[in-house]
Amino acid sequence: MADRSEASAFLRGMRDGAPFLLVVLPFGMVYGVIATEAGLSLAEVLGFSVLVIAGASQIAALQLMVEGAPAAVVLATALAINLRMAMYSAAIAPHLGGLPLGWRALVAYFLVDQTYARSALEYDRQAGMSLGQKAAYFLGMAMPVCLPWYFTTAAGALMGAGLPPGWGLDFAVPITFLAVVAPMLRTPAHWAAAVTSVVLALALWAVPFSLGLLIAACMAMAVGAAVESMQETRATR
Amino acid sequence: MGYSTAEIWMIILALGVGTFLIRFSFLGLPGRLRWPPLALRLLRYTPVAVIPGMVAPLVIWPAATDGTLDAPRMAAAVATLAVGLWRGSLLWAILAGAGTLALLLWLTG
């Protein structure tokens, strides 16, 4: 990682990840507050954040624990929400799969929605990046996206219920996801996939264990790929 | 909460290990594995296939209003999407969404 171009890729990753702080800060604090209200200790709140780093599944697990669901259901539901990350793993593997095992494990640990989506966009735009530059960019992005998650959840836990509910902090998650996805909607195929995802996720909302989202996502991927193929066929005709 | 401290830590550990294994799954396979073109074509659409489906229920049935449609939150979502499409910039999209939400919640306070 001593190469100058890798150092600059790391810094570029940090810079490109910095805007996500606007999201990680409120989201982490909200999670800390919710978890403390649910009765978790500071150590338990931090345990979740350090070992899991996946806000949506952490909140889902908490909710089910408060409702008294059996541990197996808590785990199955939270892991079902995180299954989408297997797709991220598959999508990032062609870019970072050449790294040594320890580095791949580190990348896997930091593979969250934002680091994946923004890095994938960068690898798409900058075609000539080397393996080292790609890895440095990804890990640079993990610094502002993942590390503050620990501290903000701890801060939220310490603040307890002191946050005012009228600020609309609950909506930080949808706003960040929309901001991530909008710049990706560059082609009709991307649009078709996104619309399919929305329609099917809503239609299949009642399917247990968040499986509706997974089904919707698989169908949306197929639609995106199909539209791309159709356009290719039309272009070559 | 009905769970003991030991049970809570078991859940945290199991969720942590399970989530890591999901993230490591494909990265853990031999690094030089070649992907068939169809797989690569499908995977190109993973973010736009997963994230909109995650967001849609949160926008249409926000937890903060007990699942009823909420004008400020809907307007904030539209503003985020519109500015994100227009500028292609994450930061401007977030600022537009957060600003819209703050303004409308204050106005409708």
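Before any of the text, the structure's been laid out above.
Everything numeric in this text was worked out from a predicted model, so none of it was measured.

S.K.: Break down the overall build of chain A for me, citing the residues and quoting the values.
M.R.: Along its length, chain A carries twelve helices and zero strands. Split into buried and exposed, the 237 residues of chain A put 52% on the buried side. Within chain A, contacts between residues at least 6 apart in sequence are counted, and of these 76% link residues at least 24 apart.

S.K.: Can you explain the overall build of chain B? Please cite residues and give values.
M.R.: Within chain B one finds five helices and zero strands. Ordered by position from the N terminus, the helices and strands of chain B form the series α-α-α-α-α. Each of the 109 residues in chain B was classed as buried or not, and the buried ones make up 42%.

S.K.: Summarise the interface of chain A and chain B; cite the residues concerned and give the values.
M.R.: Each side of the interface is counted separately: chain A has 83 residues, and chain B has 67 residues. Counting residues per element, the side of chain A that touches chain B draws most heavily on helix α6 (residues 84-96) of chain A, which supplies twelve residues. Of the residues in the side of chain A that touches chain B, the class split is 63 nonpolar, 14 polar and six charged.

S.K.: Got a sec to walk through unusual backbone geometry? Specific residues and values, please.
M.R.: For Ile53(A), which is not a glycine, the phi torsion comes out positive at approximately 35°. Tracing the backbone shows Ile53(A) in the loop between α3 (42-52) and α4 (55-66).

S.K.: I'd like to hear about the packing of helix α4 (residues 71-87) of chain B against helix α5 (residues 90-108) of chain B, residue by residue, with values.
M.R.: Residue and element names in this part refer to chain B. Packing of α4 against α5 brings their axes to within 8 Å, and their N-to-C directions diverge by 155°. When the interaxial angle is binned, α4 and α5 end up roughly antiparallel. Considering the relative orientation of α4 and α5, their crossing is right-handed. Residue-level contacts link Pro 72, Arg 73, Ala 75, Ala 76, Ala 77, Ala 79, Thr 80, Val 83, Gly 84 and Arg 87 of α4 to Trp 92, Ala 93, Ile 94, Ala 96, Gly 97, Thr 100, Leu 101, Leu 104, Leu 105 and Thr 108 of α5. Taken together, the residues of the contact of α4 with α5 sort by class into 13 nonpolar, five polar and two charged.

S.K.: Please set out the packing of helix α2 (residues 21-37) of chain A against helix α10 (residues 172-181) of chain A residue by residue, giving values where relevant.
M.R.: Residue and element names in this part refer to chain A. As a packed pair, α2 and α10 sit with axes 9 Å apart at the nearest point and diverge in direction by 155°. When the interaxial angle is binned, α2 and α10 end up roughly antiparallel. Handedness of the α2/α10 crossing: left-handed. Each of Val 23, Pro 26 and Phe 27 in α2 lies in contact with α10, whose residues at this interface are Ala 172, Val 173 and Thr 176. For the contact of α2 with α10, the residue count by class is five nonpolar, one polar and no charged.

S.K.: Can you lay out helix α1 (residues 5-28) of chain B for me, pointing to particular residues and giving the numbers?
M.R.: Under the 1.5 Å per step criterion, the end-to-end length of α1(B) is 32 Å for 24 residues, consistent within 8% with the ideal 34 Å. The largest bend along α1(B) reaches roughly 30° and is located at Ile22(B). Ile8(B), Ile11(B), Ile12(B), Leu15(B), Thr19(B), Ile22(B), Arg23(B), Phe24(B), Phe26(B) and Leu27(B) are the residues of α1(B) that are buried. As for α1(B), its buried residues are in contact with α3, α4, α5 (71-82), α6 and α7 (101-109) of chain A.

S.K.: Give me helix α8 (residues 113-125) of chain A: which residues, what numbers.
M.R.: Each turn of an α-helix holds 3.6 residues, which means side chains three or four residues apart point in the same direction. Between its first and last C-alpha atoms α8(A) spans 18 Å; for 13 residues at 1.5 Å apiece the expected length is 18 Å, and the two agree. The set of residues buried in α8(A) consists of Asp113(A), Gln114(A), Thr115(A), Tyr116(A), Ala117(A), Arg118(A), Ser119(A), Ala120(A) and Glu122(A). The secondary structure elements touched by the buried residues of α8(A) are α1 (4-17), α6, α9 (131-159) and α10 of chain A together with α3 (46-60) of chain B.

Procedures and definitions
- Residues numbered from 1 in each chain as written.
- Chains lettered and ligands numbered in written order.
- Predicted model: local features only at pLDDT ≥ 70, side-chain atom pairs only at ≥ 80, totals over all residues.
- Helix = DSSP H or I, 4+ residues; strand = E, 2+ residues; numbered from the N terminus.
- Buried ≥ 20, exposed ≤ 12 C-beta atoms within 10 Å, placed from the backbone.
- Contact = placed C-beta atoms within 7 Å.
- Nonpolar A, V, L, I, M, F, W, Y, C, P; charged D, E, K, R; others polar.
- Axes fitted to C-alpha atoms, helices over the stretch in contact; angles between N-to-C directions.
- Parallel < 35°, antiparallel > 145°, perpendicular 65-115°, else oblique.
- Left-handed = near helix turned anticlockwise from the far one by under 90°.
- Expected span 1.5 Å × (residues − 1).
- Bend = angle between axes of the 7 residues up to and from the residue.

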